[in-house]
Structure formats: structure tokens, C-alpha cells
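Notes for the structure review
Given next are the chains, with one letter for each unit.
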Amino acid sequence: MSQNSEMIEVLNDLILINNDRVVGYEKAYDETDTSDTDLRSLYNNLANHSRQHVSELTSEVSTLGGEPATGTMVSGKLYRVWMDVKSAFSSDGRKTSLENSEFGEDAAQKAYESALESEDLTPELRSLITQQKATLRRGHDTIKSLRDSEKVLH
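Notes on the structure in this doc start here.

Regarding the nonpolar core
Grouped together as the largest cluster of nonpolar side chains are 21 residues, with contacts concentrated most on L11, L57 and I129. Of all the elements, helix α1 (residues 2-31) adds the most residues to this core, at 8 residues. With sequence-adjacent residues up to four places away left out, I129 is seen in contact with V10, L11, L14, Y112, A115, L116 and L121. Among the nonpolar cores identified, the runner-up in size contains 9 residues, and Y25, L39, L98 and I143 belong to it.

A look at the pattern of salt bridges
All chains considered together, the criterion is met by 12 salt bridges. The salt bridge partner of E105 is R21, with a shortest N-O separation of 2.9 Å. Of the two residues, E105 is situated in helix α4 (residues 93-116) and R21 in helix α1; the sequence distance between them amounts to 84 residues. Residue class for E105 comes out buried when judged on its relative accessible area of 0%. R21 sits in the buried class, given a relative accessible area of 6%. Residue E26 is joined to R51 by a salt bridge in which the shortest nitrogen-to-oxygen separation is 2.5 Å. Of this pair, E26 sits in helix α1 while R51 sits in helix α2 (residues 37-63), placing them 25 residues apart in sequence.

Here is what the cut-offs are and how they apply
Residues numbered from 1 in each chain as written. Predicted model: local features only at pLDDT ≥ 70, side-chain atom pairs only at ≥ 80, totals over all residues. Heavy atoms only, no water. Core = buried A, V, L, I, M, F, W, Y, C linked by side-chain atoms within 4.5 Å. Buried < 20%, exposed > 50% of the residue type's maximum accessible area, 1.4 Å probe, protein only. Helix = DSSP H or I, 4+ residues; strand = E, 2+ residues; numbered from the N terminus. Contact = heavy atoms within 4.5 Å. Salt bridge = Lys/Arg side-chain N within 4 Å of Asp/Glu carboxyl O.

Such coordinate-based values are descriptive only and should not be taken to indicate function.
Written out as C-alpha cells, the structure reads:
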């Protein structure tokens, strides 16, 4: 049972990280100028990726006999407050939005790396987490590329 409880804890941490991403990208979508259709579309897609991840992870936690996590991490809430304050003082909303998004994506990558360090994962769970991490990595790289292009423009 302890192996199951370890796996459940790892999966629930990833559920919370993905919930943070959903809330963060919904907020970024709402605060992004409607003329920035590329960013709004990107944020919507990234939130949808995390919704799918939460669904998959929740199913695995339930299969293991655990109670799937709900809500967000405290650090995520603090991060969003910091993002609000920072954006209030910024004159370049697009660049700041991308920088903040990259910061959040870096945190998600670290959480997935940490999860993969767990020795308690079954090969199937390790595969699922590796696939999700790769999806998140593509989102991170897209954001970084857009952010870098904003630096060149300004």
C-alpha cells in the first residue's frame, strides 16, 4: 500500500500543477488584448492540455484507490498574485504575459522532473508522465520562442 500512496502523492502533485496552469492560462487569456489572437489561442490550447492531463491523472489516482486532488497549489496562488502585481506596472502586456507564462512553464517542468525521480512509479505511469512532460515542454518552447521574438521587436 505504501507504494500506492507514494504514486498517488506524486500524481496528485501533478494534478495540482496542471490545475494551476489551467487557472493561470484562463487568466492570461482573459487579460490578453483581443487583437493578440495568436496568444489567446495559445493560452486556450495550453489550458486544454492541462485539462486533459488532469483527466488522465485523476483516472490513475482513482485506479490506485486514492482520492484525486482538487484545487491549486498555494505556490500557484502566490504566483498568480505576483503576476497580477507585475502586470499592473508593465507597459508591455504581451511581453510580460509571455515572461510570466515561461516562469510558470519552468515550474511545471521542474514538477514533472521531480515526479519522474520517484522510484515508486510503474512503467505505465512513468510513460504517462513522460508523455505529459513532453507536451508541456512543447508549450514552454513555443512561449519561449514568442517571448524571444518580442525581445527582438523591442
